[in-house]
Amino acid sequence: MTGPDAPAALRATGLGFRYRRRGGWALRDCEFTVPVGRIAALVGRNGAGKSTLLHLAGGLLRAGSGELGVLGLAPGTAEARARVALLTQDKPLYPRFTVADTLLMGEKLNSSWDRTAAERIVHEGGIPLHARVGELSPGRRTRVALALALGKRPELLLLDEPLADLDPVARGEIMAELMAEAAERGTSIVLSSHVLPELEETCDWVLVLRDGHAELSEDAETLRESHAVLTGPADRADDLAAQHTVVQGRTAGRQLTALVRRRGPLRGDWHVARPRLEDILIGYLRTEEEPGRRDARERTEAAA
């Protein structure tokens, strides 16, 4: 259930935010819903508004227009802060604190603190509790910051590019931890990442931002089922665009290869392949508008 009355981890209505110094809108007329209990991939090109959205949801910024709800609450309120955890790109930690001091601070600030969970994440990274945070490698600091976030036992966990400074093995371990958190506790997770292949097996919801607007907000499996990669004669491009939504297409000689969203049965002599989630996301993130592509705002919430 993803209608307007369904429980939502995040719900935006006409959401807008503008940075005064930079000029221009970081987010404008942004509308989407992320249901509770999902691991949602927040995807977009640099400057699309991903960090701004997470900072709004975490209560670090205030919307300039429209509304954003987190678990049905206004971001930044006392109740929202108690139920939401945000891990930002800069991972603010006190460098002179030891790891033990940092976890103790988390325990003092959060009534629902889970010491066992927090210490497990630290120990699995081989991080001594007596080590000073400022002397840790970037990857180890990321683990400590994530331990703080998960130790809080939030209902909604917001992660802004948290794994960028981890090696592939560590990224896999952390993603497994996040999946277990979602499965065992029903934690809603919104994860901003540029590492698209890693989202394929971990995220079951996709939120795509493009130029400050929400272009897609949809179940990941529904996206896979509704899209296809078609290969066939280039002179059928107009017929294809009339029947389906052409997300992205390219022509090589007399052959057309197109990523399409089906609007009915596929007709004609086309070779049909099932796209990866990565293929779909890249198609929607392309700067150039492809021939036959519908307005991006005609996205998935109506279909969901």
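Residues numbered from 1 in each chain as written. Predicted model: local features only at pLDDT ≥ 70, side-chain atom pairs only at ≥ 80, totals over all residues. Heavy atoms only, no water.

Participant: Would you explain the nonpolar core in this entry?
Facilitator: Grouped burial of nonpolar side chains is what soluble globular proteins tend to show. Formed by 49 residues in total, the largest nonpolar core has its most connected members in Val99, Leu157, Leu159, Leu178 and Ile189. The leading source of residues in this core is helix 5 (residues 138-151), at seven residues. Ignoring sequence-local partners within four residues, the contact set of Val99 consists of Val122, Ile127, Pro128, Leu129, Ala131, Val133, Leu136 and Val144. Membership of the second largest hydrophobic core comes to 31 residues, among which are Leu71, Leu156, Val190 and Leu209. (Core = buried A, V, L, I, M, F, W, Y, C linked by side-chain atoms within 4.5 Å. Buried < 20%, exposed > 50% of the residue type's maximum accessible area, 1.4 Å probe, protein only. Helix = DSSP H or I, 4+ residues; strand = E, 2+ residues; numbered from the N terminus. Contact = heavy atoms within 4.5 Å.)

Participant: Please clarify how the packing of aromatic side chains should be interpreted in this entry.
Facilitator: When we look at a pair of aromatic rings, we describe it by the centre distance and by the angle of the planes. By the definition in use, this model includes two aromatic pairs. Seen in terms of ring centroids, Phe17 and Tyr19 are 4.7 Å apart; in terms of plane orientation they differ by 80 degrees. Their pairing is edge-to-face. A relative accessible area of 10% places Phe17 in the buried class. For the pair Tyr94 and Phe97, a centre-to-centre distance of 4.9 Å together with 35 degrees between the ring planes defines the contact as tilted. (Phe/Tyr/Trp six-rings, centres within 6.5 Å; stacked < 30°, edge-to-face > 60°.)

Participant: Looking at this structure, I do not really get the environment of Leu60. What am I missing?
Facilitator: Along the polypeptide, Leu60 turns up in the loop between helix 1 (50-57) and strand 4 (65-70). Along the backbone, Leu60 and Gly76 are 16 residues apart, and their C-alpha atoms lie at a distance of 7.1 Å. Those residues within four positions of Leu60 in sequence are excluded, and the remaining contacts are His55, Leu86 and Thr88.

Participant: Just to check I follow, could you spell out the pairing of strand 8 (residues 205-210) for this structure?
Facilitator: A regular strand carries its side chains on alternate faces of the sheet. Counting buried residues in strand 8 gives six out of six residues, a clear majority hidden from the surface. Burial of the side chains of strand 8 extends over both faces: Trp205, Leu207 and Leu209 are buried on one face and Val206, Val208 and Arg210 on the other. Pairing between strand 3 (residues 39-43) and strand 8: four bridges, direction parallel. Each bridged residue has a counterpart across the sheet, and for Ala40 the counterpart in strand 8 is Trp205. The sheet contact formed by strand 8 and strand 9 (residues 213-219) spans six bridges and is antiparallel. From the neighbouring strand, Trp205 faces strand 9, where its bridge partner is Asp219. Linking strand 8 to strand 9, which pair antiparallel, is a turn of two residues; within it Asp211 sits at a positive phi near 50 degrees. (Pairing = 2+ DSSP bridges.)

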